[in-house]
Amino acid sequence: MLRLSLPSLFLAAALPAAAEINFRTQVLPVLGKACAECHKAPQKDSSGKVQNPKGGLRMDAPSHLLKGGSGGAGIEPGDPDKSLVYQRVLLPQEHEDAMPPKGKGKPLTFAETELVKNWILEGAKFGDWKGSDAATTAATAPGSPAKRTADPLAAGVTEAPADVLKKIADLGAIVGPVSTDSKLLRIEFVANTSTITDKTVDLLKPLAGNITDLDLSNTKITDAAMATIGTFTRLTRLSIGGTSVTDAGIASLKGLVNLDSLNAHSTQVSDAALATLQSLRKLKQVHFWKSRVSADGAKSLQKALPGSSVSID
Amino acid sequence: MIPNQPDELSRRQLLTSLAKSALGVSLLPLTGPTVAHGADFVPNRPRAAKSVIFLMMSGGMSHLDTLDVMGKKKDVLGKTEAISTSATGMQLSANLPKTAQQMHHIALLNGMNTTQGAHEQGQYLMTRSYIMRGTIVHPALGSWVVRLAGKRNSNLPGYVAISTDPNQAAGGFMGAKYSGVPIGEPGQGLQDSMRPNSVTEADFEKRLKLADSMNKQFHTLVSNPSIREHNNLYSDALRLMRCEDLKGFDIAKEPTEMQELYGKSRFGQGCLLARRLVEHGVRFVQVTLGGWDTHYDNFTAVPARAKDLDDGLAALLKDLHRRGMLNDTLVVLGTEFGRTPEIIGEHQDGRDHFPQAFSCLMAGGGVHGGTFYGKKDDKGGKVVEGLTTPQDLNATIGYALGLPVDQVVISPSGRPFTIADKGKPITALFS
């Protein structure tokens, strides 16, 4: 407790309390110049190979700096000894862990390392600097980037009109792209379902070319809405479970060649609807529990659609 | 130690007394009014799951007597027998006969391993992804999910915790608005959220206005940010009390055969409530089944617990499937650790805590059913393949939902946290 070292006493005296270090104007230029090249979001290089941030450490947003790379916290507010970013720049140039690595840039000057240290001691405040955080997190989520193949359905889709999206969201619906970077929409009416009617579905008409996933379960829609839904040509998933839809409604779906999943449990749909469904060759999953479809009907549909699962229980 | 607690209490006391005196109702539990609606959330993979039902087996479920019997030696299984399942080549314990019929929906996680061998610490790590410390309360998994994905139904809480210790569902540094709304008895649903019959609608409105003005006065007197955070509480509470979605909380609305399907146990009814809530757009539901701490008389205690689990879990999977909800709903069974392969004779054939190796499961939500990930040796005592930590499990849940699992949330103390710490999602489980 009493082991106050001389330099820190000196520093405390020398630093006027008011002169707080500004990250954006003072610290960022130092780190930006000496480090950013190797410690930023994953990038494709000229050969198309993805270059990940070195050591897993990104320095392009506060959260990344705080979190650090594979070795732990990059910045530990108030504690330079536990801040890897500071520790690595202190190392002699010959040290294999020194940053920037030997021959890959000029080591920081004493004034610069002191600046970083004092900024950490002051609590590592980033002020108004946000970096490029938001733009990059979704793209770097595991499993998302490389695996995403071009979706043939997405071809020719235009941007959905924002005012329509807003109108629908105001009704309590979840409305949004099916995944990041997609113009295809999923729309889910799960709140206030007793207020969702054929009129609500009319509101979706301007989005006819965008909607690919639509959940109207337990709403008050009727076969009239199904006629509108039948024009949503990019529809792949449709849930109308618990509605009063009948065979006439299903007949309206005959143009939906992309449909691969239909949930019609607890509806009035019967075996008479199966001929329409049989013509939708992409159908893979159909749910008929508590509808009027018979066990034999379900079996024959499943047989007619290779690789499908048609369940009544 | 728990930063939001003191002020939470005063807030609660304030609301309860205000609500009781002014409205004639108690507004407990708080329902996380200010949490964002999920309309802005875009999953990072198509067809991501929308909701999670997390079944927590509290006490440390014996893996050898439930999920992991395949290829195990007789002497470690003891009285437990293996039965075949609806998935060819896969077996489960005879303690789970109904679940065995749903195996085609289930992926077993047989490579589970944790560093924590005590209940509280083990549950903490399982449900929060971080080691328990005295200085901070990390948010519960459900809090994370609602924080990152928002609510599906703005009229209802995003996170509901059934038969679960409220501490285990606490939002920690994210604050009370992300805490799970506790339901003690599934059959009783949200207590006190109905307008009492003795108060007319007009009267009620008047009382509400009065309460609102009292509340505003209170806000001007007290400038505590976490109190202001709940500023919308009255309007939210009002919405909740009048809202048709509230029937999601009422399992009495279910036909008798449905209540029977899930089993009459508290856990079974909790599973039924969980299904109803998810159907009404609740994002994350935890249902806890306790009593798995079978140090003594394991071969009597486990079958008794397993019966409730089997009824509830099998019904849940079957029911979600036939309603076409299973693809959108990830069902997870977790527990804090496993139990020893050694059967301890002095304890009437008991089994002790065993963090080195245990089992969990996932079903629905895009998970390939009828499979397993990870493997133990033939004694069930050592993970030999596909080692999976609680953090990996939580990362996998995040992945199933299409969440950015690397999204950092900074605690009020300035430290960075993520939903699954350094966990890696098991992407192989998904199509």
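Residues numbered from 1 in each chain as written. Chains lettered and ligands numbered in written order. Predicted model: local features only at pLDDT ≥ 70, side-chain atom pairs only at ≥ 80, totals over all residues. Heavy atoms only, no water.

1. So, the sheet that holds strand β8 (residues 329-335) of chain B
Residues and elements named next belong to chain B. A sheet is described by the order of its strands in space; here eight strands give the open sequence β6-β5-β7-β1-β8-β11-β4-β12, paired in mixed fashion. Looking along the sheet, the strands with just one partner apiece sit at the ends: β6 (181-183) and β12 (371-373). Within this sheet the neighbouring strands show an average axis-to-axis angle of 20°, counted without direction. Here strand β1 (residues 51-57) runs beside β8; their pairing, made up of seven bridges, is parallel. Bridged to M57 within β8 is T335. (Pairing = 2+ DSSP bridges. Helix = DSSP H or I, 4+ residues; strand = E, 2+ residues; numbered from the N terminus. Axes fitted to C-alpha atoms, helices over the stretch in contact; angles between N-to-C directions.)

2. Some words on the packing of helix α10 (residues 266-279) of chain B against helix α11 (residues 298-322) of chain B
All names here are of chain B. At their nearest, the axes of α10 and α11 sit 8 Å apart, and the two run at 20° to each other. Classified by the angle their axes make, α10 and α11 are roughly parallel. When you trace α10 past α11, the crossing you get is right-handed. Taking contact as the criterion, the partners of F267, G268, C271 and R275 in α10 are, on α11, D308, L309, G312, L313, L316, D319 and L320. Its residues placed into classes, the contact of α10 with α11 shows six nonpolar, two polar and three charged. (Parallel < 35°, antiparallel > 145°, perpendicular 65-115°, else oblique. Left-handed = near helix turned anticlockwise from the far one by under 90°. Contact = heavy atoms within 4.5 Å. Nonpolar A, V, L, I, M, F, W, Y, C, P; charged D, E, K, R; others polar.)

3. A look at the domain arrangement of chain A
Under the domain assignment, chain A is made up of domain 1 (23-121) and domain 2 (132-311). Distance between the C-alpha centres of domain 1 of chain A and domain 2 of chain A: 48 Å. (Domains from an automatic or database assignment.)

4. Looking at the environment of F417(B)
Residues and elements named next belong to chain B. Mapped onto the elements, F417 comes out in strand β16 (residues 416-417). According to the relative accessible area criterion, F417 is buried, its value standing at 7%. Taking the C-alpha atoms as reference points, F417 and D406, separated by eleven residues in sequence, lie 9.0 Å from one another. (Buried < 20%, exposed > 50% of the residue type's maximum accessible area, 1.4 Å probe, protein only.)

5. Remarks on the nonpolar core
Residues and elements named next belong to chain B. Ranked by size, the top nonpolar core spans 50 residues in total, and within it L55, M57, L108, I162, L309 and V331 carry the most contacts. When residues of this core are traced back to their parent elements, those giving at least two are β1, β4 (106-112), β5 (159-162), α10, β7 (284-289), α11, β8 and β11 (358-364). Looking at this core element by element, the count peaks at eight residues for α11. With near-sequence residues (within four places) excluded, V331 lies in contact with I53, L55, L313, L316, L317, L320, L326, L361, M362 and A363. The next biggest cluster of nonpolar side chains, apart from the first, holds 46 residues, and it includes A140, A395, I397 and A400. (Core = buried A, V, L, I, M, F, W, Y, C linked by side-chain atoms within 4.5 Å.)

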